[in-house]
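Here is what each chain is made of, one letter per residue.
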Amino acid sequence: MKISAKLGTFAGVFTPSILTILGIILFLRLGYIVGTAGLAQTLIILILANSISVLSSLSLAAISTNLHVKVGGIYYLISRTLGHAFGGAIGIVLFLAQAISIGFYCLGFAEILITMLPNTLALGVQSLAAIAIVVLGFFAWLGADWANRVQFVVMSILALAIGSFFWGAAASWSVETLASNWVAVDENVRFWVMFALFFPAVTGFTQGVNMSGDLKNPTYSLPVGTFSAVFLSIAVYLLAVFFYAGSITKTDLINIANPMTQVAAIDYTIVAGVFAATLSSALASFLGAPRVLQSLASDRLWQCLLPFAKGVGETNNPQRGVLLSAVIALLTVFMGQLDVIAPVVSMFFLISYGLINFATYFEASSESPSFRPSFRWFNKNLSLLGGTLCLGAMLAINIFAGVVALAILVAIYYYLRNTGMRSRWADGWRSFHLFRVREHLLAAYKSPEHPRDWRPNILLFPIRYPGSKMLYQFASLLEVHSGFTTVVKIVQGSGAELVRRRQQEEAALLEELQQQELQAFPLVLAAPSISTGIHTLIQAHGIGPLRANTILLPWQIKGDSTYLRPSIQHLRVALKLQCNLLILVEPQSEVEISSSNNETLRIDIWWSGGDSSHLALLLAFLMKRNEAWEGSQLRLLCLPVEGKDIDTEALKQHLIDIRIPATFKLVANISYAALQAESVGAAMVFLPFKLHQQQFLTMNGDSLEPMLLNLPPTILTLASHDFELDTEPETGTAADSAGILDALEDARDLCDFFQQQVAKLQKEKAQLLDKEDEESEDSADDLAKLEIELQKVIRRHGKAKAKLIFAEKLAESLPS
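The numbering scheme is per chain: residues are counted from 1 as the chain's sequence reads. Totals for whole chains, interfaces and linings use every residue, but because this is a predicted model, local features are given only for residues with pLDDT of at least 70 and side-chain atom pairs only at 80 or more, for both listing and counting. For side-chain calculations, the full set of non-hydrogen atoms in the structure is used, while hydrogens and water are omitted.

A. Seen up close, the overall build of the chain. We count a stretch as a helix when DSSP gives it H or I for four or more residues in a row; a strand needs E for two or more, and each element gets its number in order from the N terminus. When helices and strands are counted, the chain shows 25 helices and 15 strands. A principal-axis box enclosing the C-alpha atoms of the chain has dimensions of 110 × 110 × 55 Å. Between buried and exposed lies partly exposed: a residue is buried under 20% and exposed over 50% of the maximum accessible area for its type, with that area taken using a 1.4 Å probe on protein chains only. Split into buried and exposed, the 816 residues of the chain put 50% on the buried side. As displayed, the chain offers around 38,600 Å² of accessible surface, 58% of which is attributable to carbon and sulfur atoms. In this tally, Asp and Glu contribute negative charge and Lys and Arg positive charge; neither His nor the terminal groups of the chain are included. Every charge is mapped onto a representative atom, which is NZ of Lys, CZ of Arg, CG of Asp or CD of Glu. In the chain, 58 positive and 66 negative side-chain charges are present, and the distance between their average locations comes to 11 Å. Throughout, the Shrake-Rupley method with a 1.4 Å probe supplies accessible areas, and for residues the shown protein chains are the sole cover considered.

This is how it looks when you write it as structure tokens:
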């Protein structure tokens, strides 16, 4: 007989889902819940529990129709959306949960069999459960198509049992019995205990998803089959609740183990239905667990699982996974202490539903153009609600088991995230990060710039390639957790050949940065000349408020002279375009500057109090934020300014105000001898400088180049603009803008006030003129006084109007 290679919607999704949902809860627990909690509370339980399955189904439909779903079901969907760490964590626990569930279902089958057929007691519960596992495992071993044939037989038995119950219950249904079952048996009934008892009934809607790799058209079958199973099961449970409440007394509902048999048209069909319900759930798990394991193994997240990636036959049937699932199920049956494990296993299923909702919300919230699910009837806020309800259900059902399950999942997640595993597929995180970058850049752009927001955004020009390790280490020390570094190479030339060269150079630069383990962006720019490239790059680099503000270059020492000196012409271009200049003078011998945390390290800053000195001090402080330098000491070597020594008390207070701890020492002058005497023992030296014609000068105007020999790594600093470290929040563009707008508002109020006064006085003058017939000496005096007051107010109004015009012009100059 030829076996179909792929399954359709009915066999592949609807059947395993509906058989798991219409399980043992329907036959053996729902009647007890109706009798104990009452019809009213039971309906609330149904609505709340099924809202989770409906919302999760909506999320599942959205995310499954946005991908070509392969083998792995929920694991595949979560891993391809939330990444390998989330996927690997949920995948391994889902496999274990489903494999353990096989043992639970078969134990339930054995216990019911012994209860209803006492002759089987001699075999024992565990032996009967083991036989059931072996039989079901055999069908799972044959493949999904054979197992689904068994499920069709099981579904027929279930349909017959449910139909028998509805037929018999309808005949004995009465309004009086319904009314007696409306309320709970007493006030001590705990709603969440009843909810926890019912909730496993709605957790089977994802069984069909596990068959994703065996489906002909998963994009169509997954949403259609899942929704069909969910809504049909809701209808069955609602009818069953009303038939239970209207046909069986409260006492029988609570005390009889299988109350369906009391009213069913053919009572033995109910017994057959109970057996079918337990075995169908076990068989669905037997089909799902190996496929999750196979997908997990194929993705190489766990090296020990690699043998389970191999399948058999045209359908790639995971027979090795079936064997492992059977072994775990048998161990579950014979190990005991199932009451401890069962709640945690249930939590794993709830977590997976929560992650499906979160994954859909995550994808939709990132506004990715690639998120185009063919299923349109979903809303990201409903997905968020579904995830929240899953979390709430976990806490309501068993908070201890929920915390344990979450702790296990989080531990596996961090293990996978920190193992340095390379990504094997694209997930949604990069799109999410880009969305957040857009949001934050727009928000930063709308906020006025302030000196306190400054952070180093560095353009690094190695000059020679590959760049020195020291140069890259220094860039990393400066921008850690604060700014960005872009390593630049300018390729000169023109024509088609330049495009190929640029691509080659970009690949080489990227490889170099990876070897140096530098968190930086590579950029290769094609330009007709270096000057043109620098000029273009500084103006165009960045986006919105994120612009380059600092240029970093090397200056090497070779023998007793400086070597590869940076071009002053290029430095002037950068300075003109408002970029700070940093030049790392590298000693002849390579020095490791980021390898040890030593409290004896010292950073010297040659201080003259200007903007460049403040820039050097801030950069030295940023270096101390690195673990290797956090114990180092900052020391200011204070030079005379315009022939006068630095005011030490003022400097001490200034350091307190800017919150940078440092010591200081007065130095008479800067020279080669002074540098050798003071800074040879330092680990790093910051030395402010200035440019004059084609020379590098100290802040005192002496030639700098001869002083740079035989020093530790030295950073020459030149600020391009006012650089203040003590600015308060009330200063800056925002404060200035607010002051201008406040002045505009005050000018308008004052102008309006005087305009009202003019109108008032003019009205009074008109009233006096109307009384000319009764004119007297007193009224003439009043008119004269009024005229004087009116002219005075008119002059004040004119001045207020002039202030208003000036304030409006200032306000117009403000950025929108």
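B. Spatial organisation of the side chain of His 614. Note that His 614 resides in helix H21 (residues 611-623). On the basis of relative accessible area, His 614 is assigned to the buried category, the value being 10%. Contacts are residue-level and defined by heavy atoms, with any inter-residue pair within 4.5 Å sufficient. The contact partners of His 614, leaving out residues within four places of it in the chain, are Trp 607, Gly 609, His 654, Phe 723 and Leu 725.

C. Representation of the pattern of salt bridges within the structure. Within this document, salt bridges are pairs made up of a side-chain nitrogen of Lys or Arg and a carboxyl oxygen of Asp or Glu, the two lying within 4 Å of each other. Throughout the structure, instances matching the rule amount to eight salt bridges. Glu 505 is paired through a salt bridge with Lys 489; the nearest N and O atoms lie 2.6 Å apart. Placement of the pair is Glu 505 in helix H18 (residues 496-516) and Lys 489 in strand S2 (residues 484-492), with a sequence separation of 16 residues. We classify Lys 489 as buried; its relative accessible area is 16%. The salt bridge involving Arg 635 is made with Asp 604; its shortest N-O contact spans 3.0 Å. Of this pair, Arg 635 sits in strand S10 (residues 633-638) while Asp 604 sits in strand S9 (residues 602-607), and the two are 31 residues apart along the sequence. Residue Arg 635 is classed as buried on the basis of its relative accessible area of 14%. Here the salt bridges do not stand alone but share partners, grouping Arg 602, Asp 604, Arg 635, Lys 665 and Glu 678 into one network.

D. Fine view of helix H17 (residues 469-479). Burial analysis of H17 places nine of its eleven residues in the buried class, the great majority of the element. Restricting attention to buried positions, one finds in H17 the residues Met 470, Leu 471, Tyr 472, Gln 473, Phe 474, Ala 475, Leu 477, Leu 478 and Glu 479. Looking one or two residues beyond H17, the residue adopting positive phi is His 481, at roughly 60 degrees.

E. Up close: a negative patch on the surface. Exposure above 30% relative accessible area and no salt bridge define the residues that can form patches, which grow by joining like charges within 9 Å and nonpolar side chains of Val, Leu, Ile, Met, Phe, Trp and Tyr within 5 Å. On the surface, a cluster of negative charge is contributed by Asp 657, Asp 722, Glu 724, Asp 726 and Glu 728. Within the element layout of this structure, Glu 724 appears in the loop between strand S15 (714-718) and helix H24 (733-769).

F. Layout of a nonpolar patch on the surface. A contiguous nonpolar patch, built from Leu 391, Leu 395, Ile 399, Phe 400, Val 403 and Leu 406 and spanning about 580 Å² of accessible area, is present on the exposed surface. Inspection of the secondary structure puts Val 403 in helix H15 (residues 380-417).

G. Region of the structure containing the packing of helix H19 (residues 530-540) against helix H20 (residues 568-576). All axes are obtained by fitting lines to C-alpha atoms, using only the stretch in contact for helices, and the reported angles, taken between N-to-C directions, cover 0 to 180 degrees. Contact geometry of H19 with H20 gives a least axis separation of 10 Å together with a crossing angle of 20 degrees. The angle between H19 and H20 places the two elements in the roughly parallel class. In terms of crossing hand, the pair formed by H19 and H20 is right-handed. Here H19 contributes Ile 530, Ser 531, Ile 534, His 535 and Ile 538 to the contact with H20, which in turn contributes Gln 569, His 570, Val 573 and Ala 574. Orientation labels follow simple angle bins: below 35 degrees gives roughly parallel, above 145 gives roughly antiparallel, 65 to 115 gives roughly perpendicular, and whatever is left gives oblique. Handedness of each helix crossing follows the sense of rotation of the near helix against the far helix: counterclockwise by less than a right angle gives left-handed, clockwise gives right-handed.

H. Structural context of unusual backbone geometry. Even without being a glycine, Asn 316 presents a positive backbone phi close to 55 degrees. Residue Asn 316 is classed as partly exposed on the basis of its relative accessible area, which comes to 34%. Backbone geometry places Asn 710, a non-glycine residue, at a positive phi of 65 degrees. Tracing the backbone shows Asn 710 in the loop between strand S14 (695-697) and S15. By relative accessible area, which is 54% here, Asn 710 ends up exposed.

I. The arrangement of the packing of aromatic side chains in detail. Only the six-membered ring of Trp is used, alongside the rings of Phe and Tyr, when aromatic pairs are assigned; centres must lie within 6.5 Å, and planes under 30 degrees apart are stacked while those over 60 apart are edge-to-face, with the rest tilted. The full count for this structure, using the stated rule, is 31 aromatic pairs. With a centroid separation of 4.7 Å and 40 degrees between ring planes, the pair formed by Phe 86 and Tyr 413 is classed as tilted. With Phe 86 in helix H4 (residues 84-116) and Tyr 413 in helix H15, this pair connects stretches of sequence that are 327 residues apart. Centre to centre, the rings of Phe 165 and Phe 243 are 6.4 Å apart; their planes meet at 75 degrees, and the pair counts as edge-to-face. Of the two residues, Phe 165 sits in helix H6 (residues 144-171) while Phe 243 sits in helix H9 (residues 218-247), which places them 78 residues apart along the sequence. Phe 243 shares its class with Phe 165; the two are buried. A network of ring pairs unites the aromatic residues Phe 86, Phe 358, Phe 362, Tyr 413, Tyr 414, Trp 429 and Phe 432 as a single cluster. Taking NZ or CZ as reference, Arg 80 lies 3.9 Å from the ring centre of Trp 425, over its face. By definition here, charges over rings are those cases where NZ of Lys or CZ of Arg is within 6 Å of the ring centre and within 35 degrees of the ring normal. Between Arg 149 and the ring centre of Trp 146, over which it is positioned, the NZ or CZ distance is 5.0 Å.

J. Examining the nonpolar core more closely. Residues belong to a common nonpolar core when they are buried Ala, Val, Leu, Ile, Met, Phe, Trp, Tyr or Cys residues joined through side-chain atoms within 4.5 Å. Counting 141 residues, the largest nonpolar core has Leu 26, Phe 27, Phe 165, Phe 198, Tyr 237, Tyr 244 and Phe 286 as its most contacted members. When residues of this core are assigned to their parent elements, the largest contribution, 18 residues, is made by H4. Ignoring sequence-local partners within four residues, the contact set of Phe 286 consists of Ile 102, Ile 133, Leu 136, Gly 137, Ala 140, Val 322, Ser 325 and Ala 326. Judged by nonpolar contacts, the second largest core, of 50 residues, contains Tyr 472, Val 524, Trp 607 and Phe 686.

K. How the structure looks around the side chain of Thr 42. Within the fold, Thr 42 resides in helix H2 (residues 24-64). Setting aside chain neighbours within four positions, we find Thr 42 in contact with Ile 33, Val 34, Ala 37 and Val 241.

L. Examining the packing of H6 against H9 more closely. Where H6 meets H9, the closest approach of the two axes is 9 Å, and the angle between their N-to-C directions is 40 degrees. The orientation of H6 relative to H9 falls into the category oblique. In the crossing of H6 with H9, the sense of the turn from one axis to the other is left-handed. On H9, the residues touching Ile 162, Phe 165, Phe 166, Ala 169 and Ala 170 of H6 are Val 236, Leu 239, Ala 240, Phe 243, Tyr 244 and Ser 247. Here the residues of the contact of H6 with H9 are counted per class, giving ten nonpolar, one polar and no charged. Only Asp, Glu, Lys and Arg are considered charged in this grouping, and only Ala, Val, Leu, Ile, Met, Phe, Trp, Tyr, Cys and Pro are considered nonpolar; every other residue, Gly among them, is considered polar.

M. Representation of the pairing of strand S11 (residues 663-666). Strand direction decides the pairing type here: S10 and S11, joined by four bridges, are parallel. Note on S11: the bridge partner recorded for Leu 637 is Lys 665. Running through helix H22 (residues 648-658), the crossover from S10 to the neighbouring parallel element S11 is right-handed. Should DSSP find at least two bridges between two strands, the strands are regarded as paired. Crossovers are marked right-handed if the path from the first strand over the helix to the second runs clockwise, as seen with the strands pointing away from the viewer.

N. Focus on a positive patch on the surface. On the surface, Lys 792, Arg 795, Arg 796, Lys 799 and Lys 803 cluster together to form a positively charged patch. As for its position among the elements, Lys 799 is in helix H25 (residues 777-812).

O. Structural detail: the pairing of strand S1 (residues 457-460). Covered by surrounding structure in S1 are Asn 457 and Leu 459 together with Ile 458 and Leu 460, the residues of both alternating faces. As paired elements, S1 and S2 share four bridges and run parallel to each other. Looking at S2, one finds that Asn 457 is bridged to Phe 484.

P. Broad picture of the environment of Leu 48. Along the chain, Leu 48 falls in helix H2. Residue Leu 48 is classed as partly exposed on the basis of its relative accessible area, which comes to 27%. Expressed as a C-alpha distance, the spacing of Leu 48 and Leu 389, which sit 341 residues apart in the sequence, is 8.7 Å. Apart from the residues within four sequence positions on either side, Leu 48 is in contact with Phe 191, Trp 192, Phe 195 and Leu 389.

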